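# Inside the fold
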Amino acid sequence: MAEDDKGRRSLLETVKVPLIFSFAMGFVAGFVTLITASGGTDNVARLDLALIVFGIAFIATLLVISMLHLASRENPEHLAEGSGVNRNSEELYRQQVAKRREDARRRRADEAAQARRDAGESEDGEEPTYGRRDDRR
């Protein structure tokens, strides 16, 4: 099993940075909505719309950051080793292709040898055995 680092992780590896960034993006979106939704200085500020936009922007930004963080992580090397579902499928595929090619080559060679025997040719490349008895059969 992989060793767990009990030491203190950096600020970038913790949850604090994505939360702070998401809060900042939500605050900017909420503030812009608060200013623009009122329609000018004569009208009442729309705090309800600002809070709704803040929540949506906060959640959407946090979701995007978390998905990008998960997508950028590399798989540990120990997952590619072993047997069963962790086996290297490319190596297995290459072995199966090589086996099929060898079987096809043997089948073609056997068919060619059978065709030569049916035609009366000797397998050694000597002259044909037309009309002669072949003791090797």
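Before reading on, note that the structure itself is shown above.
Along each chain, residues carry numbers from 1 onward, in the same order as the chain's sequence is written. With pLDDT at 70 or above as the cut-off, local features in this predicted model cover only qualifying residues; side-chain atom pairs require 80 or more to be listed or tallied, and sums for whole chains, interfaces and linings still use all residues. Think of the side-chain values as coming from all heavy atoms in the structure, minus any hydrogens and water.

Think of each axis as a best-fit line through the C-alpha atoms, taken over the contacting stretch in the case of a helix, with angles from 0 to 180 degrees between the N-to-C directions. We count a stretch as a helix when DSSP gives it H or I for four or more residues in a row; a strand needs E for two or more, and each element gets its number in order from the N terminus. Running from N to C, helix 1 (residues 16-38) and helix 2 (residues 47-72) point in directions that differ by 150°, and their axes come no closer than 7 Å. Between helix 1 and helix 2, the interaxial angle falls into the category roughly antiparallel. Here helix 1 and helix 2 pass one another in a crossing that is right-handed. In this classification, Asp, Glu, Lys and Arg are treated as charged, Ala, Val, Leu, Ile, Met, Phe, Trp, Tyr, Cys and Pro as nonpolar, and every other residue, Gly included, as polar. Its residues assigned to classes, the contact of helix 1 with helix 2 comprises 18 nonpolar, five polar and no charged. Any angle that is under 35 degrees is reported as roughly parallel, and any over 145 degrees as roughly antiparallel; angles of 65 to 115 degrees are reported as roughly perpendicular and all others as oblique. Left-handed describes a crossing whose near helix is turned anticlockwise from the far helix through less than a right angle; right-handed describes the clockwise counterpart.

A cluster of nonpolar residues, Phe 23, Phe 27, Val 28, Phe 31, Val 32 and Ile 35, forms a patch on the protein surface that exposes about 610 Å² of accessible area. Turning to its location among the elements, Phe 27 is positioned in helix 1. When accessible area is computed with a 1.4 Å probe and restricted to protein chains, residues below 20% of their type maximum are described as buried, those above 50% as exposed, and intermediate ones as partly exposed. A relative accessible area of 51% means that Phe 27 is categorised as exposed. Here, patches come from residues exposed beyond 30% relative accessible area and free of salt bridges, joined within 9 Å for like charges and within 5 Å for nonpolar side chains (Val, Leu, Ile, Met, Phe, Trp, Tyr). Values of accessible area rely on a 1.4 Å probe in the Shrake-Rupley scheme; residue burial ignores everything except the protein chains shown. For this document, the term salt bridge refers to a Lys or Arg side-chain nitrogen within 4 Å of an Asp or Glu carboxyl oxygen.

Evaluation of the coordinates by the stated rule reveals four salt bridges. Between Arg 105 and Glu 102 there is a salt bridge; the shortest N-O distance is 2.5 Å. Taken together, the positions of Arg 105 and Glu 102, both in helix 3 (residues 89-119) and three residues apart, correspond to about one turn of that helix. According to the relative accessible area criterion, Arg 105 is partly exposed, its value standing at 42%. Under the relative-accessibility criterion, Glu 102 is labelled partly exposed at 28%. Note that Glu 102 and Arg 106 form a salt bridge whose closest N and O atoms lie 3.6 Å from each other. Here Glu 102 and its partner Arg 106 are both found in helix 3, four residues apart, which amounts to about one turn of the helix. Accessibility expressed as a relative area gives 46% for Arg 106, which makes it partly exposed.

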